[in-house]
2 protein chains.
Amino acid sequence: MRNRGQPPVLAVDVMGSDRGPKEILEGVRRALCTRTTAPFRVILVGDGGMIRATIAERRFRSVLSRMEIFHAAEVIGMEESPTKVLRQKKRASMAQAIELVKEGRSDGVLSCGNTGALVALGTVRLRPIEGLDRPALATVIPAIDRRFVLLDVGANPAPTARQLVHSAILGSHYSSVALRIPSPKIGLLSIGTEEGKGNALVQEAHETLKLLASRQIINYRGLIEGFQLFQEDGDSIDVVVCDGFVGNVLLKAMESIAKRLKKFLRKELLRNPLRIFGCLFLGAALRTIRAKLSAERYGAAPLLGLSGAVFKAHGGSDCREICHAVLIAQRFLRAGMGEELHRQVLQAQELLRTAEKEEKVLI
Amino acid sequence: MRNRGQPPVLAVDVMGSDRGPKEILEGVRRALCTRTTAPFRVILVGDGGMIRATIAERRFRSVLSRMEIFHAAEVIGMEESPTKVLRQKKRASMAQAIELVKEGRSDGVLSCGNTGALVALGTVRLRPIEGLDRPALATVIPAIDRRFVLLDVGANPAPTARQLVHSAILGSHYSSVALRIPSPKIGLLSIGTEEGKGNALVQEAHETLKLLASRQIINYRGLIEGFQLFQEDGDSIDVVVCDGFVGNVLLKAMESIAKRLKKFLRKELLRNPLRIFGCLFLGAALRTIRAKLSAERYGAAPLLGLSGAVFKAHGGSDCREICHAVLIAQRFLRAGMGEELHRQVLQAQELLRTAEKEEKVLI
């Protein structure tokens, strides 16, 4: 970990994006130009010659002093298996960017590449923080006029109850630090909110989470059902906890619905000249609708619980989304992520150990 | 089971709907009036006096001869636990309607009531058909310009691999019989389509399903991911198989998204007079969009795999949706659901037993 006083450093893997490295570099430039943000630095990891050629362009001039280049030309393909990556791709840009975090030269890493590889490399090279077994992949879901953190979305498809509890702590911490939600409301996803519903895993985690809530370690609000995810009401949940299988299916299904709907609306509204004429009067409404259906806006999914910060941006992110991802990442890095979270995890551990002795929960 | 020659009989639980019994009765009337359908009969189960008073109205005259009343005034509340219902609510309309199927006086039952109670009563009173352990609750999801069957959506939250395989067979049969899709394409929901991805349960079921596909028992197309659910392409899946936990979360989340979006679009499009003016030119487009977002249109969810047909309609179904549900149910009953399905289940059993001996699959 770097010194508190210095501005945070983010290693950005510029390779492995569907839109090519230039899109990433432009996104980074925009983030560095954002005036409202406190200063931070980036290390651009990728093909050095290409990066140098791109940032030689005039518009990069004002941010050059805050950029550094780390050459790593090899790229991890989207289809490569994590096991193969761990063994054979040590010199790839993603692996090198993670290495920079491990060596303390950078505080975090942002990559658009292969998610499985990023989870594997992150877990193996950076290791979970003390008290945690595994990291959890979180994502911010835009729910029309609010948003919530969903985790885990695929890092751990078959967690233990203990790991679900850890996800709740990690999600709570991320939500308060990166999204600036004070005392985020946590819900555990199940299929019926009555006591005794759901499966054994959920029941066990539920009991433990209630215990943590009773000690004010997290603001756990109990079991929630699928229909509450997009509900609009006062008591909406900020962090939705589930296993990586459910989370991944849900995330992908939601993205697929939004994409499909956007296309469908477009087709219906522009079907004939009369409708197109009508749309002229809708102007801003259509823009708002399109923006709401663009699920990728909160692009950066953090892999939480490791000793360094790892952010995954969507493979198809454009420069605006990359800019947003960089800003979210640096905000999280700035918060010095470690201490508060660490305290919560250890408190939870302690509490569980006592409870186990008293046979209150079995975990 | 009743004779093949006679028109099918459907017992309709007229109590337990959010909109009251009159809405149900009107829905049933409309279904009976639908001319394109072959004749069928209904037994209206509920408060006899109230039913008699309603169907005394003039518009019921033409269908009176095809209706019968079975008095059962007690109602199962939406919040009552299945265990309590099984013990204490034997005289409730839902329980009595199921009893009519058990006694052979009716071929199937349709209810808007408490899902948990319906699953429990159906399973305990009608029993799974030979070779199956448990029923699966299916639902038809409208995916913009196509639709697919999703199962299980909550009857069995923690199935074995064997039960997932049974769900695939049940879904395939339902899809071909009730939705008239020849050789429906089956997909098993997972979180990565590469071999070895997902969890152990999915992997085990996947191997067995491949075996069934190789013998042409079902048209299994392999593992699918969440983003394929709403994809628009030639090879779209007709039946999506998952465990009852994932299915329930997914179904409720999708319903919640559709509902939320409908409200949001309405608000955005009618925000000011200019936009309202623009909407005048959109006419049919807005109606189409609204209809597509109404997830309840395929309202009746069948509880598959029991020795009698059990259909669950949405608690808030209006008379159009009830009409649709009745028509789907009678079509399924007419197909004499038993034989073909039974043959497939037994074939699968046989195949699995052989494979187990040869240690090809462990199930």
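Values in this document were obtained by computation on a predicted structure and should not be read as measured data.

## What about the interface of chain B and chain A?
With 45 residues of chain B in contact, the opposing surface of chain A contributes 45 residues. Counting residues per element, the ones that place at least two in the side of chain B that touches chain A are helix 8 (244-269), helix 9 (273-279) and helix 10 (284-292) of chain B. Among the elements that make up the side of chain B that touches chain A, the one with the highest residue count is helix 8 of chain B (17 residues). Grouping the amino acids of the side of chain B that touches chain A by side-chain chemistry returns 27 nonpolar, nine polar and nine charged.

## Considering unusual backbone geometry
Residues and elements named next belong to chain A. Of note, the amide linkage connecting leucine 151 to aspartate 152 takes the cis form, showing an omega dihedral of 0 degrees. Considering the arrangement of structural elements, one finds aspartate 152 in the loop between strand 6 (146-151) and helix 6 (161-178). Of note in the backbone geometry, arginine 127 takes a positive phi value of approximately 60 degrees without being a glycine. If you trace the backbone, arginine 127 turns up in the loop between helix 5 (115-126) and strand 5 (136-143). Looking at arginine 127, the number of C-beta atoms within 10 Å reads 15, which means it is partly exposed. Non-glycine residue glutamine 216 carries a positive phi angle of around 60 degrees. In this structure, glutamine 216 sits in the loop between helix 7 (200-214) and strand 8 (219-224). Taking the number of C-beta atoms within 10 Å as the measure of exposure, glutamine 216 has 9 and is therefore exposed.

## Some remarks on the nonpolar core
One finds Ala329 of chain A together with Val240 and Ala329 of chain B to be the most contacted residues of the largest nonpolar core, which totals 225 residues. Looking at which element gives the most residues to this core, the answer is helix 8 of chain B, with eleven residues. If we ignore the near neighbours within four places in the chain, the residues touching alanine 329 of chain A are Leu10, Gly108, Leu110, Ala300, Ala309 and Phe311 of chain A.

## Considerations on helix 1 (residues 21-33) of chain A
Residues and elements named next belong to chain A. With 13 residues, helix 1 should reach 18 Å at 1.5 Å per residue; the first-to-last C-alpha distance of 18 Å fits that figure. Buried within helix 1 are the following residues: Pro21, Glu23, Ile24, Leu25, Glu26, Gly27, Val28, Arg29, Ala31 and Leu32. Elements that come into contact with the buried residues of helix 1 comprise strand 1 (9-13), strand 2 (41-46), helix 2 (48-55) and helix 11 (319-334).

## Considerations on the sheet that holds strand 6 (residues 146-151) of chain B
All names here are of chain B. The eleven strands lie next to each other as 3-2-1-4-11-10-5-6-9-7-8, forming an open sheet whose pairing is mixed. Each edge of the open sheet is held by one strand with a lone partner, namely strand 3 (67-71) and strand 8 (219-224). Sheet twist, expressed as the mean angle between neighbouring strand axes with direction ignored, is 25 degrees. Here helix 7 (residues 200-214) sits on the sheet in contact with strand 7 (185-189) and strand 8, set at roughly 155 degrees to strand 8.

What counts and how
Residues numbered from 1 in each chain as written. Chains lettered and ligands numbered in written order. Predicted model: local features only at pLDDT ≥ 70, side-chain atom pairs only at ≥ 80, totals over all residues. Contact = placed C-beta atoms within 7 Å. Helix = DSSP H or I, 4+ residues; strand = E, 2+ residues; numbered from the N terminus. Nonpolar A, V, L, I, M, F, W, Y, C, P; charged D, E, K, R; others polar. Buried ≥ 20, exposed ≤ 12 C-beta atoms within 10 Å, placed from the backbone. Core = buried A, V, L, I, M, F, W, Y, C linked by C-beta atoms within 7 Å. Expected span 1.5 Å × (residues − 1). Pairing = 2+ DSSP bridges. Axes fitted to C-alpha atoms, helices over the stretch in contact; angles between N-to-C directions.

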